[in-house]
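Structural description and commentary
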Amino acid sequence: MTPSEHRRAHGGWTREVIELAALLLVAGAANLLVTGVRSHSTATLVLMSLGAALLVAGAARWWSRRGTVTAEDGTEPVLSEAAFVPQNLWRLRARVTDTPGRLAKLSGALAALGGDIRTMQVHPVADGAVDEVLLHVPTRIRHADLVAAVESAGGYDVTASRADVRELDDVPTRTATLANDLVNGRTDLVRGLRSLLGNVDVRWQEEPEPSLEAGVFTETAMCLAEPGGGFLVLTRPGGAFTPAEFARSRALVDLVISCRARLRPTERTATTPGGIELTLRPADRADLELVAEFHERCSSAARFRRYFSPGPAPGERGLRRLLTPALGRSTLALGPRGEVVGLGNLMYDGDSGELALLVRDDWQCRGLGALLAQHIVEQAAELGITTLTAHTHVDNTAISRTLRGAGMKLVGAPEPGEWSWSRDLTPLARAE
């Protein structure tokens, strides 16, 4: 006997008991009418008592099951044990042949592991398709189990990695959110590409590689011109790029170009403790000459404290890298006459960022460094950076006061004569 047959045989007896009780009560009432109330027939008493007892039993059974949802056939549903098993979210990519039934076979193999497919994308390629799947599976399922299941269903070139719950948004929603974040400055091109393509490595370089021109992609690499200068080389460990992904990436680059052409840089005013109003605005490679002149007006001692070296000379690659949006964010502090009096840099990769400041000598000890440091902390938090660091000379007491004022703490001495500072920017730490 199957479980469903067993439930139909034993789990649906409540209705039968109530029907039997009603039948006995009706029979007893009929016998009472025939023999009369004064006859005191034993049969009548037995029928009425038994019917009442069964009716009470059936009512009690029904009351105990009143909150249970029944299936269409009237039986009690059996809750799957998988509903109570802790699960992990995984991203799967696999190349498959374009044959009828391949998708059903893949779904069946994943279902056999207890997998619950949440989203699926199909990328057409020359010899078939690349299926990308987001699915929940029980925590007991390992990476090797997923790969083996996909390969048993005919997939090859399989990659599997843990996914973030935020990836459950459908592609149009995720794309619209990404575009909105780009317009409002909450993300940048590099982070946008990682969000769009998943687990990819993005490397910036000044010139494209000889074997990979800009605007070209292969199965293993993609090269895109960065609107702010230089080139981005994208690689994906163990997974091939598809024409659809290349088209999406180029569209994202075009969106960034449009944003930078049509949207004015966000400027804000800030006032020093002495009451002097300054302007803080983003800087990029278009400000190269302005920033080079600013460096020339800073003393060699100030530059050495900032760079731990004489610093970049005008026109050097190092100064251009400093103003490259793909590598970080630079903020200029403009004085009342529009001259650059300070420069703040936020260099970051992933969730970690580094803060650095350079203030013109005649503007030091006037609160400008504190304004720039606080501005950079706010930028880092907006970008989702969780750890912000800085490095200083041990005898630079002015910058030490500035960093403490920005909430950073001394965490060590990586080299003789140097101090290392850090601040936790996770939402919980910021709320404390």
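Residues numbered from 1 in each chain as written. Predicted model: local features only at pLDDT ≥ 70, side-chain atom pairs only at ≥ 80, totals over all residues. Heavy atoms only, no water.

1. With respect to the overall build of the chain
- The number of helices and strands found in the chain is 14 helices and 16 strands.
- The buried share of the chain, reckoned over its 432 residues, is 40%.
- Element-wise, carbon and sulfur atoms account for 56% of the exposed surface of the chain, whose accessible area totals about 23600 Å². (Helix = DSSP H or I, 4+ residues; strand = E, 2+ residues; numbered from the N terminus. Buried < 20%, exposed > 50% of the residue type's maximum accessible area, 1.4 Å probe, protein only. Areas by Shrake-Rupley, 256 points an atom, 1.4 Å probe, with all protein chains shown as cover.)

2. A look at unusual backbone geometry
- With a phi close to 50°, D157 is a non-glycine residue in the positive phi region.
- Its place among the elements puts D157 in strand β4 (residues 156–162).
- The exposure class of D157 is exposed, given its relative accessible area of 51%.
- Unusually for a residue other than glycine, F308 sits at a positive phi of about 60°.

3. A short note on the side chain of D188
- Structurally, the position occupied by D188 is in the loop between α6 (171–183) and α7 (189–197).
- Within the buried core, D188 has no salt-bridge partner, and the shortest N-O distance to an opposite charge, that of R191, equals 4.4 Å.
- A polar contact of 2.9 Å, which involves the side chain of D188, links it to the backbone nitrogen of R191.
- If near-sequence neighbours (up to four positions away) are discounted, D188 is found in contact with L182 and Y348. (Lys, Arg positive; Asp, Glu negative; His and termini not counted. Salt bridge = Lys/Arg side-chain N within 4 Å of Asp/Glu carboxyl O. Polar contact = N/O pair within 3.5 Å; in protein donor to acceptor, adjacent residues only side chain to side chain. Contact = heavy atoms within 4.5 Å.)

4. A closer look at the nonpolar core
- Within the largest apolar cluster, 27 residues are counted, with the highest numbers of intra-cluster contacts made by L346, L355, L357, L368, L388 and L403.
- Put simply, the parts of the chain that give this core at least two residues each are β10 (277–283), β12 (340–349), β13 (352–359), α12 (368–382), β14 (387–393) and α13 (397–405).
- Looking at which element gives the most residues to this core, the answer is α12, with six residues.
- Once residues lying within four places of it in the same chain are set aside, the contact partners of L403 are L355, A390, T392, M408 and W421. (Core = buried A, V, L, I, M, F, W, Y, C linked by side-chain atoms within 4.5 Å.)

5. Things to note about the pattern of salt bridges
- Overall, the coordinates contain 18 salt bridges when judged by the stated rule.
- Of the charged contacts in the structure, one is a salt bridge between E245 and R93, with a shortest N-O distance of 2.9 Å. With E245 in helix α8 (residues 243–262) and R93 in strand β1 (residues 87–96), the pair connects residues that are 152 residues apart, well separated along the chain. For the pair E245 and R93, a shared accessibility class is recorded, and that class is buried.
- In this structure, E209 and R203 form a salt bridge, with 2.5 Å as the shortest nitrogen-oxygen distance.
- For E209, a relative accessible area of 28% corresponds to the partly exposed category.
- Where salt bridges share partners, they join R91, R93, E132, R236 and E245 into one cluster.

6. What to know about the confidence of the model for the chain
- Per-residue confidence for the chain gives a mean pLDDT of 83, with 78% of residues at or over 70.
- Counted against residues more than four places away or in other chains, residues 1–11, with its pLDDT under 50, gives twelve contacts. (pLDDT = per-residue confidence, 0-100.)

7. Considering the sheet that holds strand β8 (residues 231–235)
- Read across the sheet, four strands follow the order β5-β8-β7-β6 without closing on themselves; strand pairing throughout is antiparallel. The outermost strands of the open sheet, each flanked by one partner alone, are β5 (201–205) and β6 (216–217).
- Judged from the two bridges that link them, β6 and strand β7 (residues 221–225) form a sheet pairing that is antiparallel. Residue pairing across strands places F217 opposite M222, the latter belonging to β7.
- In this fold α7 packs onto β5, β7 and β8, with an angle of close to 25° to the strand it touches most, β8. (Pairing = 2+ DSSP bridges. Axes fitted to C-alpha atoms, helices over the stretch in contact; angles between N-to-C directions.)

8. Things to note about the sheet that holds strand β2 (residues 116–125)
- Across the sheet, which stays open at both edges, the four strands sit in the order β2-β3-β1-β4 with antiparallel pairing between neighbours. Edge positions in the sheet fall to β2 and β4, since each of these pairs with one other strand and no more. Neighbour to neighbour, the strand axes of the sheet diverge by 15° on average, direction disregarded.
- Inspection of the sheet shows β2 paired to strand β3 (residues 128–138) by nine bridges, in the antiparallel sense. Residue pairing in the sheet places D116 in a bridge with H136 of β3.

9. So, the packing of aromatic side chains
- This model, assessed by the stated rule, comprises two aromatic pairs.
- Considering the side-chain rings of F217 and F246, the 4.7 Å spacing of their centres and the 25° angle between planes classify their relative orientation as stacked. Highlighted residues: F217 in strand β6 and F246 in helix α8, separated in sequence by 29 residues.
- Taking 6.2 Å as the distance between ring centres and 75° as the angle between the ring planes, the aromatic pair formed by W419 and W421 counts as edge-to-face.
- Residue class for W419 comes out partly exposed when judged on its relative accessible area of 25%. (Phe/Tyr/Trp six-rings, centres within 6.5 Å; stacked < 30°, edge-to-face > 60°.)

10. Regarding the pairing of β13
- Burial runs high along β13: six of the eight residues are buried.
- Note: β12 against β13, eight bridges, orientation antiparallel. Paired with L346 across the two strands is L355, which belongs to β13.
- What sits between the antiparallel neighbours β12 and β13 is a turn of two residues, in which G350 has the positive phi angle 70°.
- In terms of strand pairing, β13 meets β14 through three bridges, oriented parallel. From the neighbouring strand, E354 faces β14, where its bridge partner is T389.
- Between the parallel pair β13 and β14, the chain is carried across by α12, and the sense of this crossover is right-handed. (Right-handed = clockwise from strand over helix to strand, strands pointing away.)

11. Looking at the environment of G342
- Within the secondary structure, G342 sits in strand β12.
- When residues no more than four places from it in sequence are discounted, the contact partners of G342 are F294, T331, L332, A333, L358, V359, L368 and L372.

12. As for α6
- With 13 residues, α6 ought to run about 18 Å at 1.5 Å a step, and its terminal C-alpha atoms sit 18 Å apart, in line with that.
- Those residues of α6 lying buried are R174, L178 and L182. Along the axis of α6, the buried positions cluster into a sector of 75°, meaning they face one direction only.
- Packed against the buried residues of α6 are β2, α7 and α8.
- In the stretch just after α6, G185 is the one whose phi turns positive, near 75°. (Expected span 1.5 Å × (residues − 1). Arc of directions from axis to C-beta.)

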